[in-house]
Every structure is written in structure tokens, then in C-alpha cells.
Amino acid sequence: MGFPPKFIEFLMECVKTPSYSLSLNGSSFGFFKGEKELGQGDPLSLLIFTLCMDYLSTIFRVIARQESFKYHSLCGHIRLNHLLFADDLLLFCKGDAASIMWLLRGFATFSVASGLALNKDKSSAYFNGVPNHIVEDILHMGVPISAKKISKNEGHQLIERIVKRVSIFVIPNGVMNKIEVVCRNYLWGGHETYDKVPHVSWDRVCANKKEGGLGLIDCKKMEQSSVGEYVSDPSHVLEVENIELDESLSYLEVPKEILDCKVRKTRTRETVLLKVLWSNHNIEEATWEAEEAMKEHYPSLFDQLS
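As a starting point, this report considers the structure included with it.

Rules of the game
Sequence order sets the numbering: in each chain, residues are counted from 1 along the sequence as written. Per-residue local features of the predicted model are confined to residues with pLDDT of at least 70, and side-chain atom pairs are confined, for both listing and counting, to 80 or more; whole-chain, interface and lining totals are unaffected and use all residues. Note: side-chain values were computed over all heavy atoms of the structure, leaving out hydrogens and water. Think of it this way: any DSSP run of H or I at least four residues long counts as a helix, any run of E at least two long counts as a strand, and we number them from the N terminus. Exposure categories follow from relative accessible area, calculated using a 1.4 Å probe and restricted to protein chains: below 20% of the type maximum is buried, above 50% is exposed, and the middle band is partly exposed. Residues are treated as being in contact if the distance between any of their heavy atoms lies within 4.5 Å. To qualify as a nonpolar core, a set must consist of buried Ala, Val, Leu, Ile, Met, Phe, Trp, Tyr and Cys residues joined through side-chain atoms within 4.5 Å. Throughout this description, the term salt bridge denotes a Lys or Arg side-chain nitrogen within 4 Å of a carboxyl oxygen of Asp or Glu.

## Some details on the environment of H191
Part 1: In this structure, H191 sits in the loop between α6 (173-189) and α7 (202-205).
Part 2: On the basis of relative accessibility, which here comes to 52%, the residue H191 falls in the exposed class.
Part 3: Non-local contacts of H191, meaning those with residues more than four positions away in its chain, are made with N185 and Y186.

In C-alpha cells form, the structure reads like this:
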């Protein structure tokens, strides 16, 4: 997660130096040193939790700036896409596959860095006003994962849903190696993991049947072939936005443009409101701000209008 080595050293010193004893029937017995975990109720755990959750919040803030990510209809005006609690995490977004995929990618990034994983048995997804076919697309690819033979109609449905998601991109070698390992393990053991040494090399298994193989598809060769046949399209290029962070891993938001103007009237006064587009945000995330406050804090924004 990028913490300085000296900070980690100080933190682990707080974890390893304390000694603990067990209280049984009102009496204390023995002492043992801490090694890797904090005792229940340790005040240091609150600090560590806050540091880790701040990293997770930073990930979700970056996700919120992605063009294809859409806020929940009730959360866009306050730019809210997550809430953190001691043992719960709430994520909010529009009910479309792209937005949900961004949130899942963000949490996967956090899991790799922290070692914390999602407990699927204790997790739930709630949809409101989302058509059933979209919910179905989001929850699964169209058919349940099972060992039984699927029907012809289920097969056609699966093909249609896969074709809609087909795209050409270069897969990292590490990912391709993992895919190959999973395929090999399922072939020899029927499960994702297989501890024994394979009977035949994978290259031999993927060889043509006339050459003594099983004729299975070699994922690496198929991926290379697909990339070679790809016809370049500039619209497929994703622009990477560079955001400058200071030492505290934060960045400064400044107004870029005034999109609209309106007057809010009350009994005693009239307030001019400006719809402002901020840096590192898209138009849908523009906010309404008081003109008086904007002139006070960002006078240069109005110099551009004159």
C-alpha cells in the first residue's frame, strides 16, 4: 500500500513488543508476546483501520472520475459511491454493468494490496428500478455454473451474451499462465487445484489429434492470433488521465468552467447559483455553487468570462 519502511517498522514494533496474559476465573496466567496480530480492543487497531480505509476511499474516488462510471441517481449531487463502517462496506452506483465492474475492480485492487478479501456469503446486491434482463446480465453470464449438460436454448443464450462482451486486448503473460494452469488442473483433476504432476505436457495436450494430442485450444496462441487479426480503431483507445498527488496522496480540485447559471429566490434575498465543472471530473459531476463564494475563492474563473 506504499507506506514508508520506517512507518511500518514503528508500527510492527508496537505489535510485537507487548506481552499478554490470560485471565481465567479472575486470575491471570502466563505471558506471551505479540507476533502478528493486535489484541481485541487495542487502540492501535483504530489507527490501522483508518489508514487502510483511507486507501480504499482513494481508490473509489479515482473510480468516480472515470467517464463510464455513473453515480446512483440519489448520490450524484454529493459524489457518493461508498460508505465505510467498522465491519461493513456499502457501495452505490447506477444499475449498469460498467459502473458495477468499476467498483469490483476497485475492491480487487484493494484486496491485492491489503490481503483482505470479499466474503461472498455475507455480501448482498440490491437493485431498484433496474430491468430484470440487466440484473441477470450483471449477476452472471446467463447460465449457472454446473457439471450437468446445458440445454440448447441455454447454450444459444450463453453464446449471445459472450459475443456482446467480446473485445480484443493484450492479456499479460502472468494472467495467461494462470488461465493455462486452471485449464490444466480441470483436465487432470476436475478442480481448480491439482497437486499432482501432470501426466503429459500441456503443449502435447493441445497438439492436433493426428499428432497424438487432444486438440484443445492453446489460450496463449489463440490470444496472439486474435491480436494479430485485430484492425486498429482509434475509438478503442482509452485515455489515461494523469492526476498529480501531493505527499499526503491528495490532489487539489479547481473549477474549470461555468456551465449554467440560475437564481434561487427566498423571502429575504436572491442567491445566484453557478453550475461549475471541476478538474478531474466529468460534466455529470458538476455542482451548483454560490456565485459570491466562487468569486471570493476563485476570481480567476471570472476573468476568463470578461
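So much for the structure itself; the text now carries on.
## Details of the nonpolar core
Part 1: Judged by nonpolar contacts, the single largest core of 14 residues is most densely connected at L56, I63, F69, L103 and F110.
Part 2: Listed by contribution, the elements that provide at least two residues to this core are α2 (44-64) and α3 (97-114).
Part 3: Counting residues per element, this core draws most heavily on α2, at seven residues.

## As for the pattern of salt bridges
Part 1: Under the criterion given, the structure shown has four salt bridges.
Part 2: With its nearest N and O atoms 3.8 Å apart, the salt bridge here joins E9 to K6. Here E9 and its partner K6 are both found in helix α1 (residues 5-16), three residues apart, which amounts to about one turn of the helix.
Part 3: Overall, the relative accessible area of 47% leaves K6 in the partly exposed class.
Part 4: When the shortest N-O distance is used, the salt bridge between E270 and K265 registers 4.0 Å.
Part 5: The class for K265 is exposed, based on a relative accessible area of 63%.

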